[in-house]
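# Descriptive structure summary
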Amino acid sequence: MTALMINGLVNGIIVGGLYALLGLSLSLLYGVLRVVNFAHGELVIAGSYLAYVLFSAFGLSPLAALPLAAISFFIFGWGAYFVLIPRLSKSDDPESASFLLMYGFSIAVGALLLLIFEADSRSIDYAFDPISIPIGPVNVSTARLVALAVTAVVSAAMAWFLFRTLPGKALRAATMNREAIQIVGVNIERLSAFAFALTFGIAGVTGVLIALVFPAFGPFSGAEYTIIGFIVIVLGGLGNPMGALIAGIFYGIAEQMATVFLAQALAQIVGFGMLVVTILVRPTGLFGFRVLR
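Note that the structure is a prediction, hence the values are computed from the model and not measured.

Rules used in this analysis
- Residues numbered from 1 in each chain as written.
- Predicted model: local features only at pLDDT ≥ 70, side-chain atom pairs only at ≥ 80, totals over all residues.
- Heavy atoms only, no water.
- Pairing = 2+ DSSP bridges.
- Helix = DSSP H or I, 4+ residues; strand = E, 2+ residues; numbered from the N terminus.
- Phe/Tyr/Trp six-rings, centres within 6.5 Å; stacked < 30°, edge-to-face > 60°.
- Buried < 20%, exposed > 50% of the residue type's maximum accessible area, 1.4 Å probe, protein only.
- Lys NZ or Arg CZ within 6 Å of the ring centre and 35° of its normal.
- Core = buried A, V, L, I, M, F, W, Y, C linked by side-chain atoms within 4.5 Å.
- Contact = heavy atoms within 4.5 Å.
- Expected span 1.5 Å × (residues − 1).

Further remarks concern the pairing of strand β1 (residues 132-135). As defined by bridge partners, β1 adjoins strand β2 (residues 138-141) across four bridges and the pair is classed as antiparallel. Opposite Ile-133, over in β2, you have Val-140 as the bridge partner. Counting the residues that bridge the hairpin from β1 to β2 gives two residues, and of these Gly-136 lies at a positive phi of roughly 65 degrees.

Take a look at the structure:
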């Protein structure tokens, strides 16, 4: 039982790190633009497929695919912003319109993945040397530990960016009061485009890491990660990126530890139970705040 608990805890931290990145990008996008990105899971899986193509066609390792995924998805997100988002400002209810727009975008991305890669699940047959590393009484896959290390680096870099740089501070200020920062001369259009592109870049990186950690992925896997991302941002507090990081790790540990004591089907209910309790007890989330409008 002790070995199972240690295994659940270690895997919970690893998987929770990925969930933290899911929540970070979703929370940042909602905080700055008030856009709920239903296509986030599909973008993440697109990142997994990019790693698959680079590995199968060019022999590039998933680690080499990380910067390529970040850059290509950032550029794609920058262009997608000016195609999709400015039209929302002309709507009588931009937030509701964003639901429909991004839901349609998710269907389009999922259909494109299905058209290109068909319905078969894919995986990256890449192994590190050594294949596993002992941690106490359990052996943990090296690929998972590498994914955890990359997640920690990306999270630390995002924390430094948000709290130590002027653009990062502007992004945090936009999550609190979007109108007020325009008074001091912040170009909200450029800042919004940057936030949109940044979340796409993080989604691409997350997709590569998911291809490392999980055994297989397919065109229909995106919805699952979108749901997990929403659970994480509700737990951490809507519009609070750092709260999403902490909540993602917390949720990952709870989910993996639940598999130790409960059946697999029941363990999946734990996340939704946490979501319901959080909404009832603390609607703003564990680390949330009331947004000024």
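This part takes up the packing of aromatic side chains. Applying the stated criterion across every chain yields a total of 19 aromatic pairs. The interplanar angle of 55 degrees and the centroid separation of 5.9 Å between the aromatic rings of Trp-78 and Phe-82 together place this pair among those described as tilted. Residue Trp-78 and its partner Phe-82 are both found in helix α3 (residues 62-84); the two are separated by four residues, about one turn of the helix. Given the relative accessible area of 32%, Trp-78 is considered partly exposed. Note on Tyr-126 and Phe-128: the rings are 5.1 Å apart at their centroids and 85 degrees apart in plane angle, and the pair reads as edge-to-face. Each member of the aromatic cluster is reached from another via a ring pair, and the members are Phe-74, Phe-76, Trp-78, Tyr-81, Phe-82, Phe-105, Phe-161, Phe-194, Phe-196 and Phe-200. Directly above the ring of Phe-214 sits Arg-144, whose terminal nitrogen or CZ lies 6.0 Å from the centroid.

Core analysis: the biggest nonpolar cluster contains 81 residues, and Leu-33, Leu-171 and Phe-196 have the highest contact counts within it. Considering each element in turn, this core owes the most residues, 16 residues, to helix α8 (residues 188-213). Setting aside residues no more than four positions away along its own chain, Leu-33 makes contact with Tyr-81, Ile-85, Arg-178, Ser-192, Ala-195 and Phe-196.

Because the α-helix completes a turn every 3.6 residues, residues three or four places apart line up on one side. Here helix α10 (residues 241-261) spans 31 Å end to end across 21 residues, near enough to the 30 Å set by a 1.5 Å rise per residue. Those residues of α10 that sit buried are Pro-241, Gly-243, Ala-244, Leu-245, Ala-247, Gly-248, Tyr-251, Gly-252, Glu-255, Gln-256, Met-257 and Ala-258.

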